[in-house]
Amino acid sequence: MPAPNRSSTSPPPFLLMGIPDLAVFHVWISIPFCVTYIMALLGNTLVLLAVGLDRNLHEPMYCFIAMLALIDLIFSTAVVPKMLGVFWLHSREIGFEACFIQMFFIHTFTAVESGVLLAMSLDRYVAVCHPLRYSTILTSPRAIQAGLLSLARGVGIMIPLTWLLTSLPYCSSRAIPHSYCEHTAVVGLACTYTAASHRCSLGAATLLVGTASAFITCSYCTILRAVLRLLAHRARLKALGTCGSHVFVILIFYVGGLLSVYLQMFTRSLAPHVQVLVADSCLTVPPMLNPLIYGIKVRQIQEGIRKLLGRLAGPRSSQA
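Report follows, based on the coordinates.

Parameters and conventions
Residues numbered from 1 in each chain as written. Predicted model: local features only at pLDDT ≥ 70, side-chain atom pairs only at ≥ 80, totals over all residues. Heavy atoms only, no water. Axes fitted to C-alpha atoms, helices over the stretch in contact; angles between N-to-C directions. Helix = DSSP H or I, 4+ residues; strand = E, 2+ residues; numbered from the N terminus. Parallel < 35°, antiparallel > 145°, perpendicular 65-115°, else oblique. Left-handed = near helix turned anticlockwise from the far one by under 90°. Contact = heavy atoms within 4.5 Å. Nonpolar A, V, L, I, M, F, W, Y, C, P; charged D, E, K, R; others polar. Expected span 1.5 Å × (residues − 1). Bend = angle between axes of the 7 residues up to and from the residue. Buried < 20%, exposed > 50% of the residue type's maximum accessible area, 1.4 Å probe, protein only.

**What about the packing of helix α2 (residues 60-89) against helix α5 (residues 140-166)?**
In step 1: At a closest axis distance of 8 Å, the pairing of α2 and α5 adopts a crossing angle of 30°. Judged by the angle between their axes, α2 and α5 are roughly parallel. In this structure, α2 crosses over α5, and the sense of that crossing is right-handed. The residues of α5 that touch α2, namely those facing P60, C63, F64 and M67, are S140, A143, I144, A146 and G147.
In step 2: Here the contact of α2 with α5 is built from residues that sort into seven nonpolar, two polar and no charged.

Written out as structure tokens, the structure is:
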């Protein structure tokens, strides 16, 4: 009895080609990406543990910082291990479903991060402009609810969009000229008219990220105007310092995202390997920088990490 034809029920896998024209340098190129991934794992794990174990940090602002750390851990883990597999082991094959699952995680947690950054901007707005009402307006349970709402918003929009992409017919050529399942590169392999998919993707990006960035801009403009009205120079510096780390993280997130999007749009004027390297960096560098920025800018996070490291070093020193 002949074996059933599995290709009729299971679509063939895609092939990740890594960085075009630079395949011979993949091992060397992988080194900085591996270092950034290790630093992202260590930094974000320390931030999560410091906030979770220190009761003094169970406040809305630090809850949002912990959410960002968790998002960065999920985000980078969804991309970098497979990327390193392509660079080191030539493990280029990625299953049809696995490719779209990776794409789903990338876009969903990009949307979730934009929602958390919006919640953080509103948190700072209340803290600066309405300090006496801060403890009643924003509580830790409400911060967690805001994070869950951001997650629901991202998942609710990305599930139908990902389903739309999986329903497209793809050609026999399954080679993705990228290090991960990048949206534009995958859709470019479809053997059909993809204008509807592009319109849906653009609409989703505008709804998820564009609206959040507009509200964040309005929030921080209002904060800046309120800070400049403060008479005391020390109070002004304190307020600016409180918001400084958030502004840095927001700039890294949005500048990197916009840069990656525009490079995908203007592919003709840019070498493919430059485009892929920039896109890879925009996904891997921010998760490493975020805990460094908070470790430098937010004194309470520094103290929480010191306490955590002290607890970890304590048992070892006593055993010695």
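**Describing α5**
In step 1: Over its 27 residues, α5 runs 38 Å from end to end, which matches the ideal 39 Å to within 8%, given 1.5 Å per residue.
In step 2: When the local axis directions of α5 are compared, the greatest deviation, roughly 25°, occurs at M158, which is followed within four positions by the proline P160.
In step 3: When α5 is considered as a whole, its buried residues turn out to be A143, G147, S150, G154, M158, L161, T162 and L165.

**Some details on the side chain of T162**
In step 1: Tracing the sequence through the fold places T162 in helix α5.
In step 2: Here T162 falls in the buried class, since its relative accessible area comes to 12%.
In step 3: In this structure, T162 is in contact with F100 and F104, ignoring residues within four places of it in sequence.

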